[in-house]
Amino acid sequence: MKQFFITITGVFLGLVLFFILIPIILIASVAGSSAPVTPSHTVLSLDLRAPVTDVPPNSPFAGFSGGTSVVDIVRKLQAAETDSSVKGLFVRASEGGMAPAHAEEIRQAMIDFKATGKFVVVHAQGFEYPTLSNYVAVSGASEMWMQGTTDFAATGIVAETLFLGGFMEKFGILPQFEQFKEYKNAVNTYTEKTFNAPHREATTAMLGSIYNAFLASTAFDRKMPVEAMKAALDQAPLSAEAALQAKLIDKIGQPEEAQDAALARAGGKDKAQFVDLSNYQLPMESGPVIALVGGEGAIITGERSGDPFAQENNITSDDFAAAIRDATDDAAVKAIVFRVSSPGGSPSASDQIWAAIERAKKAGKPVVVSMGAYAASGGYYVSTGADAILAMPSTITGSIGVFNGKFVINDALNRYTGANIASIQAGGDFANAYSTATPYTNSQKAAMNAAVTRIYEDFTGKVAAGRKLPLARVQEIAKGRVWTGNEAKDLGLVDQIGGLRTAILKAKALAKIEAKDSITLRSYPSVEDPLTAFSRAFGASAANAKVTARAATVIGALAGDERLSQILNEASQAKGPSMREPMRVH
């Protein structure tokens, strides 16, 4: 019977492969070999209501879910600047918030595009979510429309942190963490009931920096004094008519009216056509090669997921270290641009990628880091050795620190489920240090403190060496505190304010390539071909799958909060130190 079911399964997968997957691959390859010609009067269209990631996904099928990436928007709009067929851009504004740095880089891409004489028409079905980020992304438009029945509520910027300290008390869970240092606020979500003094101080300063940058940008774009912009935004929510009178928008109308206005600017409906930006083909490139290594998500050890449909990106240390090494060993590559958008993660994974960058520098390959939405904690660790670091004004970075710990959940388990964790150990006292059944012993606490101290000293030492700063100065500005890109530049943690385009220019300069010379931008790690990814997914061993039913998830479910279940499950699975920053800013 076992062999019978294996045979039936094999036949089924074979049929799927033959009748579904292979035709898809063939169609895709034919389509790729004959790229569509851009119509002579093209209006590119971009829908920011869809999810926006920082870099394109590595998975070959992840793109089926829609959405776009900041890197693609920047690169394609730059290419369209010199394309005589492209007359302008039509944008549907985001209806919710987005990462502040993403909003800034998308805005800059549109401004650069508009500076070549092309137009940008934006339509918003209201700015009804009270964040400025969705407005900042499009505030530089040539013409901004808003639907008449909606409100303009964009007024500020918010950072949200879910505090579980009271929940832990209620359910009898004991969080035990060692953190370096007082501003390393990641563990506060588990230990505190609200912001403590250092957490509040750092977050307030960060939000102030982002808000001031947003005010300056929108005031410049809308051609009004900063004070007038602030006064108008402070009145939100505003009706569409009031927003028009305050000069926050240009016209009121339906999406179709704004589309017609964009087509009219491009020569009229008879000539002009919309082409989705995702379908716009980058031109063939020539010239010296610059490697673009794009990394987004948590920094973890190992290789990328075997799931070819996976939507979530991670910076997997084996893959990204290999990508940097491949770019280093390729004689055609003259410089490396490492795009980092990460809240951090594993110290050992971060160190593996940092070492690959050191190897590239020793081989004479300049490395430039372009920070995306976040490059904090482990995200800063992997960046610190680069020859140059660039960030957007509101990139969240720094968080130079580390924490380690666990949840002791046995009492809660017994109280609410009747379950009990019992363990037997052999070996030293530290053998059961990560057990969720019992608190740390005194010797385990001392060992944990020593381990976290070593990681913190190594981290700050690398920052001091990479940024050419005295160690005492690094330790003074570190302490786990987050900074915006503007603040980090003032502190010497970042060299220059700018996005991907500026980072590529910097890489060209370091590689002694003239700014006006064309280059070939080669992406690493490469996207797997669909057949290889599909085969690898079905070849994965079930024994390697992470099928865990953590008691912490059960407790989270009892509280009726799915997000809480996920947080506790992830936290309970973590083994070893971590460097990350979990804050959500919008």
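Thresholds, definitions, all that
- Residues numbered from 1 in each chain as written.
- Predicted model: local features only at pLDDT ≥ 70, side-chain atom pairs only at ≥ 80, totals over all residues.
- Heavy atoms only, no water.
- Helix = DSSP H or I, 4+ residues; strand = E, 2+ residues; numbered from the N terminus.
- Buried < 20%, exposed > 50% of the residue type's maximum accessible area, 1.4 Å probe, protein only.
- Contact = heavy atoms within 4.5 Å.
- Areas by Shrake-Rupley, 256 points an atom, 1.4 Å probe, with all protein chains shown as cover.
- Phe/Tyr/Trp six-rings, centres within 6.5 Å; stacked < 30°, edge-to-face > 60°.
- Lys NZ or Arg CZ within 6 Å of the ring centre and 35° of its normal.
- Pairing = 2+ DSSP bridges.
- Polar contact = N/O pair within 3.5 Å; in protein donor to acceptor, adjacent residues only side chain to side chain.
- Arc of directions from axis to C-beta.
- Expected span 1.5 Å × (residues − 1).
- Axes fitted to C-alpha atoms, helices over the stretch in contact; angles between N-to-C directions.
- pLDDT = per-residue confidence, 0-100.
- Salt bridge = Lys/Arg side-chain N within 4 Å of Asp/Glu carboxyl O.

1. So, the overall build of the protein chain
Link 1 in the chain: Helix and strand counts for the protein chain come out as 21 helices and 26 strands.
Link 2 in the chain: Counting all 586 residues of the protein chain, 50% fall into the buried class.
Link 3 in the chain: In the protein chain, once contacts between residues fewer than 6 apart in sequence are set aside, the share between residues at least 24 apart is 76%.
Link 4 in the chain: Per element, the accessible surface of the protein chain, about 25,900 Å² overall, is 56% carbon and sulfur.

2. Description of the packing of aromatic side chains
In this description, a pair of aromatic rings is defined by centroid distance and the angle of the planes.
Link 1 in the chain: In the structure shown here, the tally under the stated rule is 14 aromatic pairs.
Link 2 in the chain: Residues phenylalanine 177 and tyrosine 190 carry aromatic rings whose centres are separated by 5.5 Å and whose planes lie at 15 degrees to one another, so their mutual orientation is stacked. Taken as a pair, phenylalanine 177 in strand β9 (residues 174–180) and tyrosine 190 in helix α6 (residues 188–191) lie far apart in primary sequence, 13 residues in all.
Link 3 in the chain: A relative accessible area of 5% means that tyrosine 190 is categorised as buried.
Link 4 in the chain: An aromatic cluster is present here, built from Phe177, Tyr190, Phe403 and Phe407 joined pairwise through their rings.
Link 5 in the chain: The ring of tryptophan 354 has lysine 462 sitting right over it, with the charged end atom 4.3 Å from the ring centre.

3. Considering the pairing of strand β13 (residues 289–296)
Link 1 in the chain: Burial analysis of β13 places eight of its eight residues in the buried class, which makes it a mostly covered element.
Link 2 in the chain: The alternating pattern of β13 places Val289, Ala291, Val293 and Gly295 and Ile290, Leu292, Gly294 and Glu296 on opposite faces, both of which are buried.
Link 3 in the chain: Here β13 runs beside strand β24 (residues 520–524); their pairing, made up of five bridges, is parallel. Following the sheet pairing, valine 289 is matched in β24 by threonine 520.
Link 4 in the chain: Across eight bridges, β13 lies against strand β16 (residues 333–342) in parallel orientation.

4. Concerning the side chain of glutamine 176
Link 1 in the chain: Looking at where glutamine 176 falls in the secondary structure, it is placed in strand β9.
Link 2 in the chain: Given the relative accessible area of 12%, glutamine 176 is considered buried.
Link 3 in the chain: At 3.0 Å, the side chain of glutamine 176 forms a polar contact with the backbone nitrogen of tyrosine 440.
Link 4 in the chain: The residues touching glutamine 176, leaving out its near neighbours within four places in the chain, are Asn404, Gly405, Lys406, Val408, Pro439, Tyr440 and Lys445.

5. Points about helix α18 (residues 500–510)
Link 1 in the chain: For α18, the set of buried residues is Leu500, Ala503, Ile504, Ala507 and Lys508. Considered in projection along α18, the buried side chains sweep an arc of 145 degrees and stay on one side of the axis.
Link 2 in the chain: With its phi angle positive at about 60 degrees, lysine 512 sits one or two positions after the end of α18.

6. Quick notes on unusual backbone geometry
Link 1 in the chain: In this structure, proline 237 follows alanine 236 across a cis peptide bond, with omega equal to 5 degrees.
Link 2 in the chain: Within the secondary structure, proline 237 is located in the loop between α8 (226–234) and β10 (238–239).
Link 3 in the chain: Omega for the peptide link from tyrosine 524 to proline 525 comes to -15 degrees, which places this bond in the cis form.
Link 4 in the chain: As for its placement among the helices and strands, proline 525 is situated in the loop between β24 and α19 (530–539).

7. What about helix α7 (residues 197–221)?
Link 1 in the chain: With 25 residues, α7 extends 36 Å from end C-alpha to end C-alpha; this agrees with the ideal 36 Å at 1.5 Å per step.
Link 2 in the chain: N-cap assignment for α7: the residue whose side-chain oxygen lies 2.9 Å from the backbone N of histidine 199 is asparagine 196.
Link 3 in the chain: Positioned one or two residues after α7, lysine 223 has a phi angle of 55 degrees, which is positive.

8. Looking at the sheet that holds strand β5 (residues 119–124)
Link 1 in the chain: Here we have six strands laid out as an open sheet, ordered β11-β6-β5-β4-β1-β12, and parallel in their pairing. Every interior strand has two partners, whereas the edge strands, β11 (251–252) and β12 (273–276), have only one.
Link 2 in the chain: Pairing geometry for β5 and strand β6 (residues 143–146), over four bridges, is parallel. Across the sheet, the residue bridging to valine 122 is methionine 144, located in β6.
Link 3 in the chain: The strands that helix α3 (residues 100–114) touches are β1 (42–47), β4 (86–92) and β5; relative to β4, the one it contacts most, it runs at about 155 degrees.

9. Some points on the confidence of the model for the protein chain
Link 1 in the chain: A residue-level look at the protein chain finds 82% of positions with pLDDT of 70 or above and a mean pLDDT of 87.
Link 2 in the chain: In this model residues 29–35 is a low-confidence stretch, pLDDT under 50, and it forms one contact with partners more than four residues away in sequence or in other chains.
Link 3 in the chain: This stretch, residues 540–552, has a pLDDT under 50; its non-local contacts, to residues over four places away or in other chains, come to eleven contacts.

10. Topic: the pattern of salt bridges
Close approach of charged atoms allows side chains with opposite charge to pair.
Link 1 in the chain: Scanning all chains against the criterion turns up 23 salt bridges.
Link 2 in the chain: Among the ionic pairs, lysine 361 bridges to glutamate 358, the shortest N-O distance being 3.1 Å. Linking lysine 361 with glutamate 358, this pair stays in helix α12 (residues 347–362), spanning three residues, or about one helical turn.

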